[in-house]
Amino acid sequence: LSSLGLAFVFLSEGLRRKLTVLLHKNFYKDKYDYREQWESFSRQIINSASLSETQVAILKLVCTTFACKWAAFYLQDEESGNFTNTASFNVRIEKRTVMANSPLIDELKRKDWILNLTENRPNLEDTLVDNAFLVIPLFFDDELTGFIVLGEQINSGEALTYEDYDLLRMFAKQAITTVQSLRLADQLAVSRELAAIGKVSTFVLHDLKNQVSGLTLMLDNARNYVSDPEFQEDMLKTVSNTVDNMTKLIARLKNLKEKPEIVVSPVELSEIIQKAVESVGGNIQVTGDEVNIAVDKDEIYKVVLNLLVNALDATSSDDPPVKVVYGLRNGSAFIEVSDFGCGMSAEFIENQLFAPFKTTKRHGFGIGLYQCKQVIEMHHGSISVKSKEGEGTTFLTLLPMETDRR
């Protein structure tokens, strides 16, 4: 006992404090029941419905536990790197942003400990609001991601012990883990929405491109045949079909769903093919037998239109015309579109042909045949291809008969 007494007298202040903490941790009852604190923290978080509510719940819990009048949450902005006030409890923050190069941030990064602002810290006086008491750093993956500011104590004479700081550090770890999880979830949701918008935009642009292809070909021919009455009649049909298709596209966009439904009705296959040929124009030969099918005629029209556009793009002016044959084969309606153009390699057909965003066209979107395959499969049909490089390509599409739907 005499030796211990002499040690307290002669040892430095730092050593005496370390010895006191050691004795408290090993021979005295803990100030806090950590199980109770953890349960309280979990209850507060579970009852929060959003990121903002979660932050407020954390601030309220910390203020209640350590008897502080107010608290504020700051998180780092990913673009600027500055720290912005994102939530408050019992206070209105006037200075909402702390610059990334401020003395406060430098000290938090350098020391990674809780700052007591009641101590002599003249370099931090203008950084935060008045009457701030503690600044609790929030580190995630060893990076300073934010911090919590606690306002003045309700009992200004109450001194914090090592146990208070230990509990604050525990709160800080759990708080930033929870908040970052919610932030990442929000970012993921936004990314998914943007991806969905991008996907829809790509499909819309592809449909527009197909419509423009027919108009472009019509304008090219108009320079030579505009005075021909027969050409004038064809031109009016092409423009009328294009306007009709654009109107339907706009209507579908207004009622856009994640998985569009097909509207099946009986229709003559020749009607769909003739409409697609008139829309795209070009050197195309059509032969076939009348057959009734049960399909969404607008969707199948887009499939035929896409196959015709691809066939014309693959051929040159010196190649034979694109051939379209349709009719009945082995109990199913079929459409066969053949060209004698550049063709495709077996590797491309196997690995990329029907995959989204894969294309051999210089300015293509790579979703046309992917979309065609989806539409055909929604109709319980099939689409296949035969092709040789330098010889041409044939697409065979099988569709259900009208009687199959009864």
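From a predicted model like this one, the values you see are computed outputs, not experimental measurements.

A.B. asks: Kindly report on the overall build of the protein, identifying the contributing residues and their values.
C.D. replies: Each helix and strand counted, the protein has eleven helices and 13 strands in total. Contacts in the protein between residues at least 24 apart in sequence constitute 64% of all its contacts with a sequence separation of at least 6. Carbon and sulfur atoms make up 52% of the accessible area of the protein, which totals about 23,700 Å².

A.B. asks: I'd like a description of the sheet that holds strand β1 (residues 71–76), backed by residues and values.
C.D. replies: The pairing of strands in a sheet happens through backbone hydrogen bonds and is either parallel or antiparallel. Pairing within the open sheet is antiparallel, and its six strands lie in the order β3-β2-β1-β6-β5-β4. Unpaired on one side and paired on the other, β3 (97–98) and β4 (115–116) mark the two borders of the sheet. Where β1 and strand β2 (residues 83–89) come together, six bridges link them in antiparallel fashion. Of the residues in β2, the one forming a bridge with Ala71 is Phe89. Along the sheet face, helix α4 (residues 51–66) touches β1, β2 and β6 (143–151) and points at about 65° away from the line of β2.

A.B. asks: Lay out the environment of Leu182 with the relevant residues and their values.
C.D. replies: Tracing the backbone shows Leu182 in helix α6 (residues 162–225). As for Leu182 and Thr54, which are separated by 128 residues in sequence, their C-alpha atoms are 9.0 Å apart. Setting aside residues up to four positions removed in sequence, Leu182 forms contacts with Ser50, Leu51 and Thr54.

A.B. asks: Requested: an account of the packing of helix α8 (residues 269–280) against helix α9 (residues 297–314), with residues and values cited.
C.D. replies: One way to put it is that α8 packs onto α9 with a least axis distance of 9 Å and a crossing angle of 45°. With respect to α9, the element α8 is oriented oblique. Between α8 and α9 the crossing geometry is right-handed. On α9, the residues that touch Glu271, Ile272, Lys275, Ala276, Val277, Ser279 and Val280 of α8 are Lys297, Ile300, Tyr301, Val304, Leu305, Leu308, Val309 and Leu312. In the contact of α8 with α9, the residues fall into eleven nonpolar, one polar and three charged.

A.B. asks: Report on the packing of aromatic side chains, specifying residues and quantitative values.
C.D. replies: Scanning all chains against the criterion turns up three aromatic pairs. Taking the centre distance of 4.7 Å and the plane angle of 10° together, the rings of Tyr74 and Phe147 count as stacked. Pair noted here: Tyr74 is in strand β1 and Phe147 is in strand β6, with a separation of 73 residues, a long-range link. Here Tyr74 matches Phe147 in class, with each residue buried. Plain terms: the ring middles of Phe83 and Phe147 are 5.8 Å apart, the flat faces sit at 45° to each other, and that makes the pair tilted. In this pair, Phe83 sits in strand β2 while Phe147 sits in strand β6, placing the two residues 64 residues apart along the sequence. For Phe83, a relative accessible area of 0% translates into the label buried. Taken together, the ring pairs in this structure connect Tyr74, Phe83 and Phe147 into an aromatic cluster.

A.B. asks: A description of the pattern of salt bridges should follow, citing residues and the corresponding values.
C.D. replies: Taken as a whole and assessed by the stated rule, the structure comprises five salt bridges. Residue Lys302 pairs with Glu299 through a salt bridge whose shortest N-O separation is 3.5 Å. With a gap of three residues between them, Lys302 and Glu299 both fall in helix α9, about one helical turn apart. Here Glu377 ties to Lys373 by a salt bridge, and the two come within 2.5 Å at their closest N and O atoms. With a gap of four residues between them, Glu377 and Lys373 both fall in helix α11 (residues 368–378), about one helical turn apart.

A.B. asks: Tell me about the sheet that holds strand β11 (residues 332–339), residues and numbers included.
C.D. replies: Strand order in the open sheet formed by five strands is β8-β10-β11-β13-β12, and the pairing between neighbours is mixed. Edge positions in the sheet fall to β8 (284–288) and β12 (382–388), since each has one partner strand and no second. On average, adjacent strands in this sheet sit at an angle of 15° to one another, irrespective of strand direction. Bridging between strand β10 (residues 322–329) and β11 involves seven bridges; their strand directions are antiparallel. Along β11, the bridge assignment pairs Val324 with Val337. In the packing of α8 onto the sheet, the strands contacted are β8, β10 and β11, and the crossing angle to β10 comes to about 170°. Helix-sheet contacts for α9 involve β8, β10, β11, β12 and β13 (392–399), and the interaxial angle to β11 is about 20°.

A.B. asks: Outline the pairing of β10, listing residues and values.
C.D. replies: Strand direction decides the pairing type here: β8 and β10, joined by five bridges, are parallel. In the strand pairing of β10, Gly288 is matched with Tyr326.

A.B. asks: Break down the side chain of Ser338 for me, citing the residues and quoting the values.
C.D. replies: Tracing the sequence through the fold places Ser338 in strand β11. The class for Ser338 is buried, based on a relative accessible area of 13%. At 2.9 Å, the side chain of Ser338 forms a polar contact with the side chain of Thr394. Here Ser338 is in contact with Val322, Lys323, Thr393 and Thr394, once residues within four sequence places are set aside.

So, how was this worked out
Position labels on residues start from 1 in each chain and follow its written sequence. Predicted model: local features are reported for residues with pLDDT of at least 70 only, side-chain atom pairs are reported and counted for 80 or more only, and whole-chain, interface and lining totals are derived from all residues. Side-chain numbers here rest on the full set of heavy atoms in the structure, without hydrogens or water. Runs of E in the DSSP output that reach at least two residues are strands. Runs of H or I that reach at least four are helices, and both are numbered from the N terminus. In what follows, a contact means two residues having at least one pair of non-hydrogen atoms within 4.5 Å. Values of accessible area rely on a 1.4 Å probe in the Shrake-Rupley scheme; residue burial ignores everything except the protein chains shown. Strands are treated as partners if at least two bridges between them are detected by DSSP. Convention adopted: a line fitted to C-alpha atoms gives each axis, helices being fitted over their contacting stretch, and angles between N-to-C directions are expressed from 0 to 180 degrees. Reported orientations rely on four angle classes, namely roughly parallel under 35 degrees, roughly antiparallel over 145, roughly perpendicular from 65 to 115, and oblique for the rest. By convention, the crossing between two helices is left-handed when the near helix turns anticlockwise from the far helix through less than a right angle, and right-handed when the turn is clockwise. We call Asp, Glu, Lys and Arg charged. Ala, Val, Leu, Ile, Met, Phe, Trp, Tyr, Cys and Pro are nonpolar, and the rest, Gly among them, are polar. The rule is short: rings of Phe, Tyr and Trp, with Trp giving its six-membered ring, pair when the centres are within 6.5 Å, and they are stacked under 30 degrees, edge-to-face over 60, tilted in between. Exposure categories follow from relative accessible area, calculated using a 1.4 Å probe and restricted to protein chains: below 20% of the type maximum is buried, above 50% is exposed, and the middle band is partly exposed. For salt bridges, the criterion is a side-chain nitrogen of Lys or Arg within 4 Å of an Asp or Glu carboxyl oxygen. N or O atoms within 3.5 Å of each other form a polar contact, as long as, within protein, one can give a hydrogen and the other can take it, and as long as residues adjacent in sequence are counted only when both atoms are side-chain atoms.

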